[in-house]
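Residue strings, one per chain:
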Amino acid sequence: MFATWFNRQSRLIQILLLLIPVVNWITEILVRWSAAFKTKSLLTIIVAILVTFLGLAFGWIDLIWCLLFKHLIFAKA
C-alpha cells in the first residue's frame, strides 16, 4: 500500500513530497486512505476524510511531524 511505501522512503524524499503544495495534497490523500483501508480504525478514517477536504492545512503539520518521527500523524501503517 502507499502508506507503507511512503514510510520506507528516505526522509529527504518524504520531505520533498510534503513540501510541494499540490503533490503534498495528493500524497496526503494516498497515504491517509491507504492507512485507513489497512488499519480500518475510526480515527484514521476520520483523518482521511478531513485530509481529503482540508489537505493543505494537514500537509504543513505533517511536514513537521515527518521531520520528527518519519511518518505522518495517525498513518503509521
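Below is a short write-up of the structure. In this text, all values refer to a predicted model and were calculated from it rather than measured experimentally.

Basis of the calculations
Residues numbered from 1 in each chain as written. Predicted model: local features only at pLDDT ≥ 70, side-chain atom pairs only at ≥ 80, totals over all residues. Heavy atoms only, no water. Phe/Tyr/Trp six-rings, centres within 6.5 Å; stacked < 30°, edge-to-face > 60°. Helix = DSSP H or I, 4+ residues; strand = E, 2+ residues; numbered from the N terminus. Core = buried A, V, L, I, M, F, W, Y, C linked by side-chain atoms within 4.5 Å. Buried < 20%, exposed > 50% of the residue type's maximum accessible area, 1.4 Å probe, protein only. Contact = heavy atoms within 4.5 Å. Salt bridge = Lys/Arg side-chain N within 4 Å of Asp/Glu carboxyl O.

### Examining the packing of aromatic side chains
Note on aromatic pairs: each is described by the distance of the centres and the angle between the planes.
In step 1: Taken as a whole and assessed by the stated rule, the structure comprises three aromatic pairs.
In step 2: An angle of 35° between the planes, with centres 5.0 Å apart, marks the rings of Phe-2 and Trp-5 as tilted. In this pair, Phe-2 and Trp-5 both sit in helix 1 (residues 2–8), three residues apart, roughly one turn of the helix.
In step 3: Geometrically, the ring pair formed by Trp-33 and Phe-37 is tilted, given 5.8 Å between the ring centres and 40° between the ring planes.

### Details of the nonpolar core
In step 1: Counting eleven residues, the largest nonpolar core is built from Ala-3, Phe-6, Ile-15, Leu-17, Leu-18, Val-31, Ala-35, Leu-63, Cys-66, Leu-72 and Ala-75.
In step 2: Of all the elements in the fold, those that place two or more residues in this core are helix 1, helix 2 (11–19), helix 3 (21–39) and helix 4 (42–69).
In step 3: Among residues more than four places away in sequence, those in contact with Val-31 are Phe-2, Ala-3, Phe-6, Leu-72 and Ala-75.

### Let's talk about the side chain of Gln-14
In step 1: Locating Gln-14 in the fold gives a position in helix 2.
In step 2: Apart from the residues lying within four places of it in its own chain, the contact partners of Gln-14 are Phe-6, Asn-7, Gln-9, Cys-66 and Lys-70.

### Brief notes about the pattern of salt bridges
In step 1: The tally for this structure, following the rule as stated, stands at two salt bridges.
In step 2: For Glu-28, the salt bridge is made with Arg-32, and the minimal N-O distance between the two is 3.4 Å. Taken as a pair, Glu-28 and Arg-32 lie in helix 3 at a separation of four residues, close to a single helical turn.
In step 3: Here Asp-62 and Arg-32 are joined by a salt bridge, their closest N and O atoms 2.5 Å apart. Of this pair, Asp-62 sits in helix 4 while Arg-32 is found in helix 3, placing the two residues 30 residues apart along the sequence.

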